[in-house]
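Chains, contacts and geometry: an overview
Spelled out from the first residue to the last, the chains are:
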Amino acid sequence: MEAYLSELNDAQRAPTLQIEGPMIVIAGAGSGKTRVLTYRIAYMMSKGIDAFNILALTFTNKAAREMQHRIAQIVGRSEAKNLWMGTFHSVFAKILRFEADKLGYPSNFTIYDTQDSQSVIRAIIKDMQLDKDVYKYKQVYSRISSYKNSLITVKAYFNNPELMEADAMSKKPRMGEIYQEYVQRCFKAGAMDFDDLLLKTNELLNRFPEVLQKYQNRFRYILVDEYQDTNHSQYLIVKALSDKFQNICVVGDDAQSIYAFRGANINNILNFQKDYEGVEMYRLEQNYRSTGNIVNAANSIIDKNQTKLDKVVWTANDDGPKIVVNRLLTDGEEGRYVASSIFENKMQNQMANGDFAILYRTNAQSRAMEDALRKRDIPYRIYGGLSFYQRKEIKDVLSYLRLLINPKDEEALKRVINYPARGIGATTMDRLSIAANKYGKSIFEVLENLDHLPEIKITKSTRTKLDNFVNMIKHFTILAQNADAFTVADTVAKKTGLVQELKKDGTPEGIARIENIEELLNGIKDFVEEQKELADANGSIAEFLEDVALATDLDKETEDEDRVALMTIHLAKGLEFPYVYIVGLEEDLFPSGMSMNTRSELEEERRLFYVAVTRAEKQAFLTYTQSRYRWGKLVDAEPSRFIEEIDEKFLDYMIPQDDYKYKPLINTDIFGDEVDKSKLRQTKPKAGTPPPAHKPTEEQLRKLRKLRPAATEPAKATNAIQLEVGNEVEHMRFGKGKVLGIDGVGQDRKAEINFENGGIKKLLLRFAKLKLLS
DNA sequence: TCATTGGGCTTTTTT
DNA sequence: AGCCCAATGA
């Protein structure tokens, strides 16, 4: 038997050795599911299955790379090379490029990112002269996105009165028209958005039986990781491809489903056994990652959820230290506490910076942490947020490159035609747009044919500017036919005047932007050299753009630097760190104020908290503040309900427990690191015992009074509200609405309400902040 | 056509 | 507090 199989426990070995047939592996946090997936693939190959016939879909490209790397170590690099592994988006983007002509797309179609898509929608709303306060482009975008993820095409939309009515109810009766126009504009621009990569794959497999057959025969064995986070569109793709051979292995953990907001459907994993015949179910319940305290604390959290599969995660590891809970006065103070705690832990336990992670609910929280780490000279790296490729200067360069590959790419064109400024303004663009629409051509085609279109009113000087632009782009295009991506990008950066423009600016931000462009060019250079080593690639711009479009921050090459990691909890899924700080555990922040209205939303927040805690190997730290800067103002905060939900015996409060909610801040010191340290030492020897209370000095009281704004009672949930069917109510977010129905008793009492702004919602009255109007 | 400014909005999470 | 957009004036 293969040696690596001895690295598995019995529970892990069983699914690893089952090659044929449908199977599901429910894998608790830290139970070694990646190991199972990796070894299963290696085992399949050792049994003579061709790598060419295996498709493994992962949640991030990084996960795919790491797995492939590990498999290569076991079965050899040349064998592993033929494996298809990657995210849904990247795998099917490749297939779509290959089959593009069948769907009427060019094979060099552009992939629009969220920014591009939203910009298209903004333009449509403007062109249709709709009220932008009613038709908010972000809302419209996410609505369209959810249609696509549910496979509701424009046609299906107009055939579905319920959907249209729901949109009309939320004051957006022209939603369908926007959707239609958006799809048309993307198509004309030869562009697919993220959701199209899945939607069009479905279309491809549905409309062309021979194509479906081809890929069914090719991908005889399919594995899907993080199955709990697949959406309907992804579910259908997997279902279609696995239909013939039924060799489908899905792995996931319902307790870690945290992407419902973008259409992930937890029912995919809950109902898997009904979807295929003779499903074998395996459970991985032993956690190897974390201490007993962490595992059990996490269990006590997830226990509060109603919707979950039966599963008990346990560990044979030591109990370890308890989870530390601390309250700080402000977010700045929180940052300082975390930084000094990291510093102490590093010293006491001889740990590296890379052994620490700071996790938060929203990206905006990173700033306070950064400031504190910087002051302490602790190196850190922020993941996520505005990713490198989304920065303005980077997108500018990339847009030029995009335009060379696909001249129909209107978003790219709009971005670069007058940047750096070359005197081509809005008026000219409007005229060009109108002409382009009239002839069904792209703007770039119109530009190329101005001689034949004399009716477009353009002054002589503007004409010269346009011609210059077209000639410049054409010059680049010719260059791109012979040179590699780096040479082209370098030329673009210089010849367009992009870099010059930034140099002229001279501000520190301008200089930082030039550095970013340089970093991009270096990145392209690396990419080109890497690709040239591969037989089936040549380092072209098209290849680079494909890579970039679907890259995430986690995918970026690790410089092997030893840094504290800062990221949202969503990004941290699948990762692990010896020490984890989870900050901002406050009501309205975590759980997010946007996700407290229904039980299912709240349960997703709770799963998110579960994910956060289970990232920790040795110890977890939870912090919350009494007041925090939000929207530029200092606002009062209240400890998160999630803290209370953890069984107390796993917690070590650094503040008196009976005082841990509200009350003026007296015991926690807020003025400097020295005292912070002494406090840390104080609690160490007698864990669990709160430090003695100190009387505040006059000086401290004065500062406190200054810092705390006049106490405002936080808007409290109207849990005592007595609702009846037919009542008119008002909701903070959804606006006015009418109660359609009420059911459930006590804590579970919920009302079905038809809102003007949100359509029909079921709200748990315990949490919903409703005002009774009549 | 371009640059500046003020107002409004933002903070959920991401492929 | 910061970002993005529209309005305004040169």
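Looking up chain A in an unreviewed UniProt entry gives the name DNA 3'-5' helicase, with the organism given as Zunongwangia endophytica. Per UniProt, chain A carries the Sequence similarities (unreviewed entry) text "Belongs to the helicase family. UvrD subfamily."

The next thing to look at is the overall build of chain A. When helices and strands are tallied, chain A shows 32 helices and 24 strands. Looking at chain A as a whole, 53% of its 774 residues are labelled buried. Restricting to contacts in chain A with at least 6 residues of sequence separation, those with at least 24 account for 75%. As displayed, chain A offers around 35,500 Å² of accessible surface, 50% of which is attributable to carbon and sulfur atoms.

Before going further, it helps to spend a moment on the sheet that holds strand β14 (residues 564-568). Sheet strands line up and pair through hydrogen bonds in the backbone, either parallel or antiparallel. As summarised here, the arrangement of the seven strands in space is β13-β14-β12-β15-β16-β11-β19, forming an open sheet in which the pairing is parallel. Both outer strands of the open sheet, β13 (380-382) and β19 (651-653), are each paired with one neighbouring strand and no more. The mean angle between the axes of side-by-side strands here comes to 20°, regardless of whether they run parallel or antiparallel. Pairing of strand β11 (residues 323-328) with β19, which is carried by three bridges, proceeds in the parallel orientation. What sits directly across from Ile323, in β19, is Leu651. Along the sheet, helix α16 (residues 292-302) makes contact with β11 and β16 (616-625), crossing β16 at roughly 55°. Along the sheet, helix α18 (residues 366-375) contacts β12 (356-360), β13 and β14; its crossing angle with β13, the most-contacted strand, is approximately 160°.

The residue Asn293 is located in helix α16 in this model. Within polar-contact distance, the side chain of Asn293 engages the backbone oxygen of Pro321 at 3.3 Å. In this view, Asn293 contacts Asp319, Gly320, Pro321, Lys322 and Phe650; residues no more than four positions away in its chain are not counted.

In this section: the packing of helix α11 (residues 194-207) against helix α13 (residues 232-242). It is at 9 Å that the axes of α11 and α13 come closest, and there the two elements cross at 30°. When the interaxial angle is binned, α11 and α13 end up roughly parallel. You can see that α11 and α13 cross each other, and the crossing is left-handed. Mapping the contact onto sequence places Leu198, Leu199, Thr201, Asn202 and Leu205 in α11 and Ser233, Gln234, Leu236, Ile237, Ala240 and Leu241 in α13. Classifying every residue of the contact of α11 with α13 gives seven nonpolar, four polar and no charged.

Taken together, 26 residues sit near DNA strand B, with Arg361, Gly423, Thr427, Thr428 and Met594 positioned nearest. Each atom of DNA strand B within 4 Å of the protein belongs either to a base or to sugar and phosphate, the latter forming 59%. Here a base oxygen of DNA strand B sits 3.4 Å away from a polar atom, N or O, in the side chain of Arg262. Put simply, the parts of the chain that give the surface near DNA strand B at least two residues each are α21 (426-439) and α28 (569-572).

Turning to helix α17 (residues 331-349), a few remarks are in order. Taking 1.5 Å per residue as the helical rise, α17 with its 19 residues ought to reach 27 Å, and the 26 Å between its terminal C-alpha atoms agrees with that figure. Just downstream of α17 lies Gln350, where phi reads positive at about 50°.

Under the local residue numbering, the UniProt record ascribes the feature "domain: UvrD-like helicase ATP-binding" (unreviewed entry) to residues 6-291. The span residues 6-291 shows a helical share of 53% and a strand share of 13%, and its end C-alpha atoms are spaced 24 Å apart.

According to the stated counting rule, one finds 21 aromatic pairs in the structure shown. Between Tyr105 and Phe187 the ring centres are 4.9 Å apart and the planes differ by 85°, which places this aromatic pair in the edge-to-face class. Placement of Tyr105 in the loop between α5 (88-99) and β4 (110-112) and of Phe187 in helix α10 (residues 175-188) is noted, with a sequence separation of 82 residues between them. Of the residues examined, Tyr105 reaches a relative accessible area of 6% and is grouped as buried.

A few words now on the UniProt feature "binding site: ATP" (unreviewed entry) in chain A. UniProt annotation of "binding site: ATP" (unreviewed entry) refers to Ala27, Gly28, Ala29, Gly30, Ser31, Gly32, Lys33 and Thr34 when read in the numbering used here. Within the element layout of this structure, Gly32 appears in the loop between β1 (23-27) and α2 (33-46). Discounting residues that sit within four places of it in the chain, Gly32 has contacts with Gln12 and Leu284. Within the fold, Thr34 resides in helix α2. Overall, the relative accessible area of 39% leaves Thr34 in the partly exposed class.

Conventions we followed
- Residues numbered from 1 in each chain as written.
- Chains lettered and ligands numbered in written order.
- Predicted model: local features only at pLDDT ≥ 70, side-chain atom pairs only at ≥ 80, totals over all residues.
- Heavy atoms only, no water.
- UniProt positions renumbered as here; feature names shortened; annotations may be inferred.
- Helix = DSSP H or I, 4+ residues; strand = E, 2+ residues; numbered from the N terminus.
- Buried < 20%, exposed > 50% of the residue type's maximum accessible area, 1.4 Å probe, protein only.
- Contact = heavy atoms within 4.5 Å.
- Areas by Shrake-Rupley, 256 points an atom, 1.4 Å probe, with all protein chains shown as cover.
- Pairing = 2+ DSSP bridges.
- Axes fitted to C-alpha atoms, helices over the stretch in contact; angles between N-to-C directions.
- Polar contact = N/O pair within 3.5 Å; in protein donor to acceptor, adjacent residues only side chain to side chain.
- Parallel < 35°, antiparallel > 145°, perpendicular 65-115°, else oblique.
- Left-handed = near helix turned anticlockwise from the far one by under 90°.
- Nonpolar A, V, L, I, M, F, W, Y, C, P; charged D, E, K, R; others polar.
- Near = heavy atom within 4 Å.
- Expected span 1.5 Å × (residues − 1).
- Phe/Tyr/Trp six-rings, centres within 6.5 Å; stacked < 30°, edge-to-face > 60°.

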